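Residues per chain are reported as follows:
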Amino acid sequence: MKKITNIAFDLGGVVIALSYKQAVKRFEEIGLANASQHLDAFCQRGIFGDLESGTISAEEFRVELGKIIGRDVKYEECLYAWQGYVENVPQKNLQMLLKLRKLGYKVCLLSNTNPYMMQWALSNEFDGKGHSVDYYFDHLYLSYQCKQMKPSAEIFHIMLNGQKSCVEETLFIDDGKKNIEAASKMGIQTLCPENNADWTEPLAKILEID
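Attention in this report is confined to the structure presented alongside it. (Residues numbered from 1 in each chain as written. Predicted model: local features only at pLDDT ≥ 70, side-chain atom pairs only at ≥ 80, totals over all residues. Heavy atoms only, no water.)

## A few points about helix α4 (residues 75-82)
For α4, every residue scored as buried is listed here: C78, L79, A81 and W82. The buried residues of α4 all sit within an arc of 170° when viewed along its axis, so they share a single face. Taken together, the buried residues of α4 touch α1 (20-29), α2 (46-52), α3 (58-69) and α6 (115-121). (Buried < 20%, exposed > 50% of the residue type's maximum accessible area, 1.4 Å probe, protein only. Helix = DSSP H or I, 4+ residues; strand = E, 2+ residues; numbered from the N terminus. Arc of directions from axis to C-beta. Contact = heavy atoms within 4.5 Å.)

Now the structure itself:
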């Protein structure tokens, strides 16, 4: 087994604690009936998937969501609903990311996400200390920008090429089993913590660091 030099992290459920229930509740608050049938904890479908795959823009999503709800939906309402996925940002996770970079690892984010979520993540409100999410990573590979979503092999290839890394030297951390299975089939090393579980100690053991 080659030494790991490149580590790719999922955002929701790994770097940040995710709340699917809160997201469903917020979408229902703005008028989306049976929101749980539209939303997913790991990979979105319909216009939600179109937004995360970059097929439609944030504005097009707002218009289409309005058609489903039956009224004009404001941009701020979309922000409020989508950001319901955010439960909290564990500082322990962020400190580990900084530690890994200090130790010389290439550290990137590989996430199925969208402009509404990233408006928050890329703001200085992300960590509560004035830093945005890109402060913690060398590079961000976001589904709506890559025009690909996990578990497609294409988004993993985009990440590997961007990081100038091979599969044998890459570790991928995600709480979605389908995403982990896709990465494993490609030969990427994987770690699959439970949603919102602590992954810092298992990762330290894999890398043999204190």
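Now that the structure has been shown, we can carry on.
## Overview of the packing of α1 against α4
Interhelical geometry of α1 versus α4 gives an angle of 155° and a closest axis separation of 7 Å. When the interaxial angle is binned, α1 and α4 end up roughly antiparallel. For the pair α1 and α4, contact is made by A23, R26, F27 and E29 and by Y80, A81 and W82, respectively. A per-class count over the contact of α1 with α4 returns 5 nonpolar, no polar and 2 charged. (Axes fitted to C-alpha atoms, helices over the stretch in contact; angles between N-to-C directions. Parallel < 35°, antiparallel > 145°, perpendicular 65-115°, else oblique. Nonpolar A, V, L, I, M, F, W, Y, C, P; charged D, E, K, R; others polar.)

## Looking at the pattern of salt bridges
For side chains of opposite charge, pairing can occur when their charged atoms come near one another. Scanning all chains against the criterion turns up 10 salt bridges. For the salt bridge of R101 with D138, the shortest nitrogen-to-oxygen distance reads 3.0 Å. On the criterion of sequence distance, the pair formed by R101 in helix α5 (residues 91-102) and D138 in the loop between α6 and β5 (139-142) is long-range, its members being 37 residues apart. The class of D138 is partly exposed, set by a relative accessible area of 39%. The shortest N-O distance in the salt bridge between D174 and K150 comes to 2.7 Å. In this pair, D174 is assigned in the loop between β6 (170-173) and α9 (177-185) and K150 in the loop between α7 (143-146) and α8 (153-163), connecting sequence segments 24 residues apart. (Salt bridge = Lys/Arg side-chain N within 4 Å of Asp/Glu carboxyl O.)

## Some details on the sheet that holds strand β1 (residues 6-9)
Reading across from one edge, β5-β4-β1-β6-β7 is the order of the 5 strands in this open sheet, with parallel pairing throughout. Lying at the two open borders of the sheet, with one neighbouring strand each, are β5 and β7 (189-191). Recorded for the sheet is a direction-independent mean angle of 25° between the axes of neighbouring strands. Where β1 lies against strand β4 (residues 106-111), 4 bridges are found, and the strand directions are parallel. Looking at the pairing, I7 lines up with V107 of β4. Contacts from α8 reach β1, β4, β5 and β6, with the element oriented near 155° to β4. (Pairing = 2+ DSSP bridges.)

## As for the side chain of S143
Turning to its location among the elements, S143 is positioned in helix α7. With residues near it in sequence (within four places) discarded, S143 still touches E52, S53, S111, N112, T113, Q148, M149 and I155.

## A word on the side chain of N6
In this structure, N6 sits in strand β1. A polar contact of 3.0 Å, which involves the side chain of N6, links it to the side chain of Q163. Those residues in contact with N6 that lie beyond four places of it in its chain are K106, C108, M159, Q163, S165, E169, T170 and L171. (Polar contact = N/O pair within 3.5 Å; in protein donor to acceptor, adjacent residues only side chain to side chain.)

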